[in-house]
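Fold and geometry: a report
Chain by chain, the residues run as shown.
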Amino acid sequence: MKNRLRILMVASEMVPFAKAGGLADVLGALPIELKKFGHDVRVIIPKYSSVNDRIHSVELFKRFVGVPLGNEEEWCAIYRTHIREDVPVYFVDHNWFYLREGIYHDNYMNDYQDNPRRFGFLSKVALQFCKEISFKPDVIHVHDWPTAVIPAFLKTLLSDDPDLAGSASLLTAHNLMHQGIYPRDNFPLLDLEWRYFHDDVFKSYDSINLLKGGIYFADLVNTVSPGYAKTVLDPVDSTGLAPYLAQKGYNFVGVLNGVDYDVWSPEKDTFIPAQYSMQDRRGKVICKRDLQKTFLLDQDEQIALIGVIGRFVPQKGFHLLAQVIQKIVTDMHIQFVILGTGDNDLENYFMSLPATFPARVGYHLGFNDELAHLIEAGSDFFLMPSLFEPCGLNQIYSLRYGTLPIVRATGGLDDTIINYDELTGEGTGFKFFDASAQALYYTVGWAISTYYDRPAHLEQMIQQAMAQDFSWQKSAQDYNRLYQVAILNHRNWMLGNRI
Ligand code: ADP
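Everything numeric here is computed off the predicted structure, so don't read it as measured data.

Considerations on the nonpolar core
Phe202, Phe336, Phe350, Phe381 and Tyr483 are the most contacted members of the largest nonpolar core, which totals 172 residues. In contact with Phe381, not counting residues within four places along its chain, are Ala304, Leu305, Ile306, Gly307, Thr403, Leu404, Ile406, Phe430, Ala447, Ile448, Tyr451 and Leu458.

Structure (structure tokens):
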């Protein structure tokens, strides 16, 4: 097996150029780590309005690249920059497709109805561009539904292509609830035969399902934690993809994301008022006081403080918190700081709490990176009651900040947090299993009683939490192995097991 691979990543998001969620963070970090193994890694994303030629040192690379899309032909230019480790990033420049308010939808959350065309184009151009610069990837790593059609192109339209027939594909599904489901009349523009508009491949009811087709064709599929991989294989799971993932057998796996400790660690954090480390946590007390001051809470370093950050969408389970937060604050000696935005009812509800519980509950409406860092550093506990969680980042950040996570045991939350053992004092957080407000209430109670009644255990847990390592280095090694498996699978497919 070759040690130095040619790897092409094609995606719809990438930090620092365009971000809607965790996918962008993965693209911003993984290629750089892979390059350190000696691989030739290149990335292709759309040139959105958030890509700034001057700030991101972007320059024109190729003036005309064209591909057929159904009965039409679309053309673009390709721009280029380099990120750390000299990884080239290519941008597909097509004003009509990509110079819009959002990546997937407008400011009113209306999905762009031509998304299959926009991302079908990205997928086709990525492959055509490889041919034009004579780059023959050993593996093409695609992400989520926007580029999931690439494995299908490779095994159908390009199955005899002299340049690309040998390219294996890995599909990473960052959240299997997002499947790219669009009306069936979009199917012809992908130029795939109608026989693939089938329940096992691209068809869901009467629509096309881009992720499902990608799962069928990819040489290997993974999601972003082993726990979430198990969740979505459960036939009752709400993604509805369990049977199709099960068909992949060993070729569907879970690999945990890493986190960027240059940005998210109390030793290096530039947003917080005092830095601290596992050996010397005096700075954490300063952060706690600053957090209490910022959210107009009593400045009391003894009281237990719980932090909450997140998007108010059903996945995150904040409605469970809303059901019991008043009872928690009434029954327990505790403070809450909450940062989030999303569902209007939840926003209004959390907004009403500081007036009901002055100096005990603080809420900030909106997305605020600086406050997110302060909450991680200044809180004693961090609450994530998610109904499902593909990986989750905040609980991993919390560990490094010595802020013990209280989580529902699902997906990546279950994988990354070790439950407290009251006999030994071991553990890195507190878990509950039932997706109920009651379970949340009692688990918060468990954490708070540990805080006040078992300080030696709390100290032991903080030390254990801060020592955890979820750096990208480890995850990149896992992806390295996945690439080798994808290449082997592809070779076998080439040897005769063609679809
Ligand atoms: P998801 O990608 O599903 O939103 P993750 O836990 O994987 O959940 O990542 C969320 C990231 O977004 C974290 O870095 C978190 O701090 C950040 N975040 C979410 N909501 C906010 C907010 N209101 N303000 C600041 N940062 C936020």
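A look at the site of the ligand
The immediate surroundings of the ligand are formed by 15 residues, with Arg311, Lys316, Gly366, Asn368 and Leu393 found nearest. Within the contact set of the ligand, an oxygen atom lies 2.8 Å away from a side-chain nitrogen or oxygen of Lys316. Here an oxygen atom of the ligand and a side-chain polar atom of Asn394 are 3.2 Å apart. Against a free-state accessible area of 560 Å², the protein chains account for coverage of 90% of the ligand.

Regarding the packing of helix α1 (residues 22-35) against helix α16 (residues 472-494)
Orientation of α1 relative to α16, taken along the N-to-C sense of each, is 75 degrees, at an axis distance of 9 Å. Judged by the inter-axis angle, α1 sits roughly perpendicular to α16. The residues of α16 that touch α1, namely those facing Val26, Ala29, Leu30, Glu33 and Leu34, are Trp472, Gln473, Ala476, Tyr479 and Tyr483.

A look at the packing of aromatic side chains
By the definition in use, this model includes 32 aromatic pairs. Where Tyr451 meets Tyr452, the ring centres are 4.9 Å apart and the plane angle is 85 degrees; that geometry is what we call edge-to-face. Residue class for Tyr452 comes out partly exposed when judged on its relative accessible area of 32%. Counting every residue linked through ring pairs, the aromatic cluster contains Phe187, Trp194, Tyr196, Phe197, Phe202, Tyr216 and Phe217.

A short note on the pattern of salt bridges
Opposite charge on two side chains lets them pair, provided their charged atoms get close. Tallying each qualifying case throughout the model produces 26 salt bridges. Across the pair Arg195 and Glu193 runs a salt bridge, and its minimum N-O distance is 2.8 Å. Note that Asp199 is salt-bridged to Lys203, the shortest N-O span being 3.8 Å. The network of salt bridges with common partners includes Lys131, Lys136, Asp161 and Asp163.

Quick notes on the pairing of strand β3 (residues 59-69)
Strand residues, when the strand is regular, have side chains that alternate between the two faces of the sheet. As paired strands, β3 and strand β4 (residues 72-83) are joined by 8 bridges and run antiparallel to one another. The partner of Glu59 across the bridge, within β4, is Arg80. Where β3 hands over to β4, the hairpin turn is made up of 2 residues, of which Gly70 adopts a positive phi near 65 degrees.

A word on the sheet that holds strand β8 (residues 181-183)
Ordered in space as β8-β10-β9, the 3 strands form an open sheet in which the pairing is antiparallel. One side of each edge strand has no neighbouring strand; the edge strands of this open sheet are β8 and β9 (203-204). Where β9 and strand β10 (residues 207-209) come together, 2 bridges link them in antiparallel fashion. Its bridge partner lying in β10, Ser204 is registered against Ser207. Helix α5 (residues 210-217) rests against β8, β9 and β10 of the sheet, and its axis sits at about 50 degrees to β10.

Some thoughts on the side chain of Lys431
Relative to the assigned elements, Lys431 resides in strand β18 (residues 430-432). On the basis of relative accessible area, Lys431 is assigned to the buried category, the value being 11%. Side-chain polar atoms of Lys431 contact the side chain of Asp414, separated by 2.7 Å. In this structure Lys431 touches Val407, Ala409, Leu413, Asp414, Ile417, Ile418, Asn419, Thr443 and Trp446, once residues within four positions along its chain are discounted.

Re the state of the cysteines
Evaluation of the coordinates by the stated rule reveals 0 disulfides. Here Cys130 is not cross-linked by a disulfide; its sulfur's nearest cysteine counterpart is in Cys76, at 13 Å. In this structure Cys130 comes out as buried when scored by relative accessible area, which is 2%.

As for the packing of helix α9 (residues 318-331) against helix α10 (residues 344-356)
For any two helices packed against each other, the geometry is given by the interaxial angle and the distance between the axes. Two numbers describe how α9 lies on α10: the axes approach to 11 Å, and their chain directions differ by 25 degrees. The angle between α9 and α10 falls in the class roughly parallel. Between α9 and α10 lies a crossing whose hand is left-handed. Along the contact surface, α9 presents Phe318, His319, Leu321, Ala322, Ile325 and Gln326, while α10 presents Leu346, Tyr349, Phe350, Leu353 and Thr356. Within the contact of α9 with α10, the residues separate by chemical class into 8 nonpolar, 3 polar and no charged.

Some words on the UniProt feature "domain: Starch synthase catalytic" (unreviewed entry) in the chain
Within this structure's numbering, the places UniProt gives as "domain: Starch synthase catalytic" (unreviewed entry) are residues 6-245. Strand forms 27% of residues 6-245 and helix 26%; the C-alpha atoms that close the span are 27 Å apart.

Some thoughts on helix α8 (residues 282-294)
Given a rise of 1.5 Å per residue, 13 residues ought to cover 18 Å, and the 19 Å separating the end C-alpha atoms of α8 matches this to within 8%. All of the buried residues along α8 are Gly283, Lys284, Cys287, Lys288, Leu291 and Gln292. Packing partners of the buried residues in α8 comprise β13 (304-312), β14 (334-342), α11 (369-378) and α14 (437-453). A positive phi of about 55 degrees marks Leu296, the residue just after α8.

Each value, and the rule that gives it
Residues numbered from 1 in each chain as written. Predicted model: local features only at pLDDT ≥ 70, side-chain atom pairs only at ≥ 80, totals over all residues. Heavy atoms only, no water. Core = buried A, V, L, I, M, F, W, Y, C linked by side-chain atoms within 4.5 Å. Buried < 20%, exposed > 50% of the residue type's maximum accessible area, 1.4 Å probe, protein only. Contact = heavy atoms within 4.5 Å. Near = heavy atom within 4 Å. Polar contact = N/O pair within 3.5 Å; in protein donor to acceptor, adjacent residues only side chain to side chain. Areas by Shrake-Rupley, 256 points an atom, 1.4 Å probe, with all protein chains shown as cover. Axes fitted to C-alpha atoms, helices over the stretch in contact; angles between N-to-C directions. Helix = DSSP H or I, 4+ residues; strand = E, 2+ residues; numbered from the N terminus. Parallel < 35°, antiparallel > 145°, perpendicular 65-115°, else oblique. Phe/Tyr/Trp six-rings, centres within 6.5 Å; stacked < 30°, edge-to-face > 60°. Salt bridge = Lys/Arg side-chain N within 4 Å of Asp/Glu carboxyl O. Pairing = 2+ DSSP bridges. Disulfide = S-S within 2.5 Å. Left-handed = near helix turned anticlockwise from the far one by under 90°. Nonpolar A, V, L, I, M, F, W, Y, C, P; charged D, E, K, R; others polar. UniProt positions renumbered as here; feature names shortened; annotations may be inferred. Expected span 1.5 Å × (residues − 1).

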